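Analysis of the macromolecular model
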Amino acid sequence: MGSFGKKCLMELLDPSAKCRPSFLEGEEPEKTEATYVEDLKTDLSGEFSSVSSSSDTIQLSQSSVSSSEYLQVYLRVRPFTASELEQNESQDCVTVESSTSVMLKAPKSSFLCRLSDKGSGQMAQRFNFSRVYGPETTQKQFFEGTVKSLIKDFLNGQNSLVFTYGITNAGKTYTFQGSQHDLGILPRSINMLFNSIEGKLYERMDLKPQRCREFCRLTKEQVKEEMALKNSVFGLVKEVDSQSSRSTISSDVYSSAGQEAFEENLTELEQFSLNTPDHVKFSVWISFCEVYNECIYDLLDPISNDKSQKRRRLRLAQDIKGNSYIKDLKWIPIFGPKEACTVLNLGKKHQSIACTKLNSLSSRSHSIFTIRTLCIEDTGVPRVTKVSEFSLCDLAGSERYAKTQNEGERLKEAGNINTSLLILGKCFNALRNNQQSKFQQHVPFRESKLTHYLQGFFCSRGKACMIVNINQCASVYDETLHVLKFSAVAQKVVVLNTSKSVPSLPVGQTSAREVSFIINNADNKMWGKGRKATMDWDMSLEDVMEDEGGDIEEEEKCCTKESLEDDNNDEDDAILISKDEYETLLNTLESLKSKLIEEKKEKLFLELRIRKEVTEELSQHFVQRDYDFSERLEKEKQLLEERSDERLEIYKDLVNKYTQYLEEGDYERDEALAEHSKTLDGDGNVSLKGFIGGIQKDVAEIKKQAEAAHHHIESIPESQEDSATIESKLAQVTAELANTREALSKKNSELEKYIDKVNQPNEELQNAYKKIDVQNERIQQLMEDVQQKDEVINRLQDLLAKCEDSVNDYERTVKTIKEEILKVDSNTEFDQLLKDERGSRKRSNENAQEEQPPKKKGIISTSTELQTKLVCKRKQVANTGRKIFQLKKRKSTAA
Ligand SMILES: Nc1ncnc2c1ncn2[C@@H]1O[C@H](COP(=O)(O)OP(=O)(O)OP(=O)(O)O)[C@@H](O)[C@H]1O
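These numbers come from a predicted model, not from an experiment. Every residue gets a number counted from 1 within its own chain, in the order that chain's sequence is written. The predicted origin of the model limits local features to residues at a pLDDT of at least 70 and limits the giving and counting of side-chain atom pairs to 80 or more, whereas totals for whole chains, interfaces and linings rest on all residues. Side-chain numbers here rest on the full set of heavy atoms in the structure, without hydrogens or water.

**Observations regarding the sheet that holds strand β4 (residues 101-105)**
- Strand order in this open sheet of three strands is β3-β4-β5, and the pairing throughout is antiparallel. Each having just a single partner strand, β3 (94-96) and β5 (124-128) make up the two edges of the open sheet. For this sheet, the mean inter-axis angle between neighbouring strands, taken without regard to orientation, is 20 degrees.
- Judged from the three bridges that link them, β3 and β4 form a sheet pairing that is antiparallel. For Thr95, the partnering residue across the bridge sits in β4 and is Met103. Only when DSSP finds a minimum of two bridges between them are two strands counted as paired. Only DSSP runs of H or I with at least four residues qualify as helices, and only runs of E with at least two residues qualify as strands; both kinds are numbered from the N terminus onward. To define axes, lines are fitted to C-alpha atoms, for helices over the stretch in contact only, and angles between the resulting N-to-C directions are given on a 0 to 180 degree scale.

Put into structure tokens, the structure is as follows:
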């Protein structure tokens, strides 16, 4: 589908938006955004397909608006396994609140919880779904609540898509396929389908679904080929059975015992009563493929044991209406549920499954199991009235490397799985945005094989329903939360369902698809081989464009074969078509041909009109743009002029300020210099007068220059000169100003040097003053010392006076004693005694030792003591006198 086609679709999704461009309504198109020339060709292409001849297309587009609805999203929460419970995975992270809502609470280990510890993040989040199925839900309950109604719609001609979404090990495959004892939605769907059409099976194989929504009639040969193909596929089952018994992957579902149990379970009676007439029959065809590492493989193809032999890759193609389908995919006619299950089991055995850390049977690919039914009116020549498709996609689960620790091939698979799921998310986002805003963004369906294939279901091919599987394990909480957020977006996507309105034509009328088929055929014959029915507006498709020529050729061949057969079997002819019928058919063909020619003409006229309208619109657009640009240019010019005026004002102001500054600065500087010269000249060390005079001169000159510049600026005629001249002059003035400033700064630095020199003796003087201060301090200290010493001397003098007094006392005492002694001397007795004593002393000296007379001894010792004391005192006085003399001397020296 071209971008315009998408645009149209989005308009359909938003009923308020215009569904068709104005040229069909005869109005001027409402312009909301810039026109991109690239859009033009797709624009026409989209328009052509919607105006295409077939009447059914018009009906579709009319009814499609009313049949759009939100994507149905069902949530299934799987129960814990025993090992998960052992590993303490159950931390009440998931709570099913009601039948439509679920609450998620972040466990401590989750990233979200860690975030909320830091103050951000939401701890509990509620999510709503179309329906929530808790862990206790049985497979039957789940099937009945979700897919059952789709089967009914499917049998009524509705296309339906069911797909799973979830992380690895969430229970997607279990929900889809189930176990041998408890079947999943896929076998249950098969069962219900066949139960409902029991007795209504079209048992021939001559009508086969083709491309996307079409069918083809098969010749007898082709029927035989189909038969052979079916047999070969069923033959494969036995082959694979024997191989898988040797396979490393073992599962009860894949074993033949499992198959039997599986088939037994199918007997459960679940059916719809179809109110169709007896002659209405159903032909059922099944295909099974997988998207593995962005390649599509047919799961019903044999897989060689030789690993070097590559599997056949299939390609996506588009039919004339832009619907994608898988080219060369095998479609097997099925006549009962057991056959369907055999095909399903064969496919499962071929599917890419591997053991990962999180799931021992992890699907490594997205598997697509498709059932197509042809609703056939089996009267005379059987006629197909409806072709419907029921597609079940079991998507592989997203996984994080940190959790699975996959390597090599597994890692590559995981990368591809995650990428395709990411793109699915991107598509949902874009679809939702397109529904919400007028700005139509590109939906990247083509970025992955999966989304490219699913595109049709989201854009008018049918009804889509998504099954979200989650497990409740705390360790995968963050991933589960992501899945639920994704589902919340998906739920808001409106799915346009046009397949609902596929009309069931009354008997006797040619079906719309048959008409389209015949038209294509006739068109092919009319325009010649290889000529396409429509022009290639968008050839940039990365996938296979439907090779109409080839396909038509095939159909032609088929017709030729039929006609040959017709020639050879006249009998058959006579039975099949009567002459009248033949003529009616020919007439129909003729009228259709003429209709076609009319349509072609109309198309060409339409194209011309469109081109004219588009050209006109474009030229208007360019004129408008031209006008807008010149207006913008004018505004820019004005703005620039205003700015330059403002700048000029600023510069003027600056110059003024600078002149003022110079004047003030000079005055101060002159004064300072005069001061300096006064103080320094006296010393005769530095003579600055000459130098300062020079500087003053320079400054005066600079002042003059600045004034001149100022006058010059003032004299500039503002209004007359254009901004360029003013700016250049301004630049000149600024340059001069800069030079002047530079010169001034040079002079200033020179002046500073001289001032430094002058300041040198000052510093010396300062140092001398400092020294004097230090000396003064010392003198002060010494004075204090002298004062202290004076105090000591005074105290000593006092002491001396006291000592002198005591000496005088002693002397007086001595004198008194002497007088007394003298008195005693005059006493003879005393003399005699003294003589005796002297004699005895002599004797004692001579006789060594004699006893001394005790009476006289006391008197003699007293006088001797007094004498020694006297001597001592005299010595002390002499010493003190000496000390006093010394101190006096020191004091006089210090003074
Ligand atoms: N509702 C359920 N009841 C019981 N067991 C279940 C349920 N859902 C899943 N399981 C079990 O959980 C395990 C993982 O399920 P399954 O293989 O379906 O996961 P998956 O989502 O398909 O994983 P992958 O994406 O890796 O293929 C299986 O052992 C399955 O039997």
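**Observations regarding the packing of aromatic side chains**
- When two rings of Phe, Tyr or Trp (its six-membered ring) have centres within 6.5 Å they constitute a pair, described as stacked for plane angles under 30 degrees, edge-to-face for angles over 60, and tilted for the intermediate range. Evaluation of the coordinates by the stated rule reveals six aromatic pairs.
- Ring geometry for Phe154 against Phe390: centres 5.5 Å apart, planes inclined by 35 degrees, an arrangement best described as tilted. Of the two residues, Phe154 sits in helix α8 (residues 148-155) while Phe390 sits in strand β18 (residues 383-394), which places them 236 residues apart along the sequence.
- Owing to a relative accessible area of 1%, Phe154 belongs among the buried residues under this scheme.
- Taken together through their ring pairs, the aromatic side chains of Phe163, Tyr165, Phe428 and Phe486 make up a single cluster.
- Ring-over charges, as used throughout, are those where CZ of Arg or NZ of Lys falls within 6 Å of the ring centre and within 35 degrees of the ring normal. We note Arg311 situated over the ring of Tyr297; from NZ or CZ to the ring centre the distance is 4.3 Å. Residue exposure (1.4 Å probe, protein chains only): buried if accessible area is under 20% of the type maximum, exposed if over 50%, otherwise partly exposed.

**Structural notes on the site of the ligand**
- In the vicinity of the ligand lie 15 residues, with Thr168, Lys172, Thr173, Ser362 and Ser363 positioned nearest.
- By the criterion applied in these results, polar contacts are pairs of N or O atoms within 3.5 Å in which, for protein atoms, one can donate a hydrogen and the other can accept it, and in which residues neighboring in sequence qualify only through two side-chain atoms. Here an oxygen atom of the ligand and a side-chain polar atom of Lys172 are 2.7 Å apart.
- Surface exposure here means Shrake-Rupley accessible area, sampled with a 1.4 Å probe, where a residue is shielded only by the protein chains that are shown. When the ligand is considered free in solution it has 630 Å² of accessible area, and contact with the protein chains removes 79% of it.
- Listed by contribution, the elements that provide at least two residues to the shell around the ligand are β2 (72-78), α9 (172-177) and β16 (362-363).
- The element that contributes the greatest number of residues to the shell around the ligand is α9, accounting for three residues.
- Three classes are used: nonpolar for Ala, Val, Leu, Ile, Met, Phe, Trp, Tyr, Cys and Pro, charged for Asp, Glu, Lys and Arg, and polar for all others, with Gly counted as polar. Across the shell around the ligand, the residue classes tally to four nonpolar, eight polar and three charged. One heavy atom within 4 Å of a molecule or strand is enough for the residue carrying it to be called near that molecule or strand.

**Quick look at the side chain of Thr373**
- Along the chain, Thr373 turns up in strand β17 (residues 366-377).
- Relative accessible area serves as the criterion here: at 1%, Thr373 is assigned to the buried category.
- It only takes one pair of heavy atoms within 4.5 Å for two residues to be counted as in contact. Excluding its chain neighbours within four sequence positions, the residues that come into contact with Thr373 are Phe154, Leu193, Ser283, Val284, Lys386, Val387 and Ser388.

**Re the environment of Thr370**
- By the element assignment, Thr370 lies in strand β17.
- Residue class for Thr370 comes out buried when judged on its relative accessible area of 2%.
- Here the alpha-carbon distance between Thr370 and Ser160, two residues 210 residues apart in the chain, equals 9.9 Å.
- Setting aside its immediate chain neighbours within four residues, Thr370 contacts Trp285, Ile286, Ser287, Trp331, Glu389, Phe390, Ser391 and Tyr453.

**Overview of the packing of helix α7 (residues 139-146) against α8**
- Direction vectors running N to C along α7 and α8 enclose 45 degrees, while the axes themselves pass 4 Å from each other. In this view, α7 runs oblique relative to α8, as classed from their interaxial angle. Together, Phe143, Glu144 and Thr146 of α7 and Lys148, Ser149 and Leu150 of α8 make up the contact between the two elements.
- Counted by class, the contact of α7 with α8 contains two nonpolar, two polar and two charged residues. Note on terminology: angles under 35 degrees are roughly parallel, angles over 145 are roughly antiparallel, angles of 65 to 115 are roughly perpendicular, and the others are oblique.

**Things to note about the UniProt feature "binding site: ATP" (unreviewed entry) in the protein chain**
- With numbering aligned to this structure, UniProt lists the feature "binding site: ATP" (unreviewed entry) at Gly166, Ile167, Thr168, Asn169, Ala170, Gly171, Lys172 and Thr173.
- Along the chain, Thr168 turns up in the loop between β7 (160-166) and α9.
- In this structure, Gly171 sits in the loop between β7 and α9.
- Setting aside residues up to four positions removed in sequence, Gly171 forms contacts with Arg78 and Asn469. UniProt positions are given in the numbering used here, feature names are shortened, and annotations may be inferred rather than shown by experiment.

**Some remarks on helix α17 (residues 477-491)**
- A helix is expected to span 1.5 Å multiplied by its residue count minus one. With 15 residues, α17 ought to run about 21 Å at 1.5 Å a step, and its terminal C-alpha atoms sit 21 Å apart, in line with that.
- Taking burial as the measure, the 15 residues of α17 include 12 buried ones, the bulk of the element.
- When α17 is considered as a whole, its buried residues turn out to be Tyr477, Asp478, Glu479, Thr480, Leu481, Val483, Leu484, Phe486, Ser487, Val489, Ala490 and Gln491.

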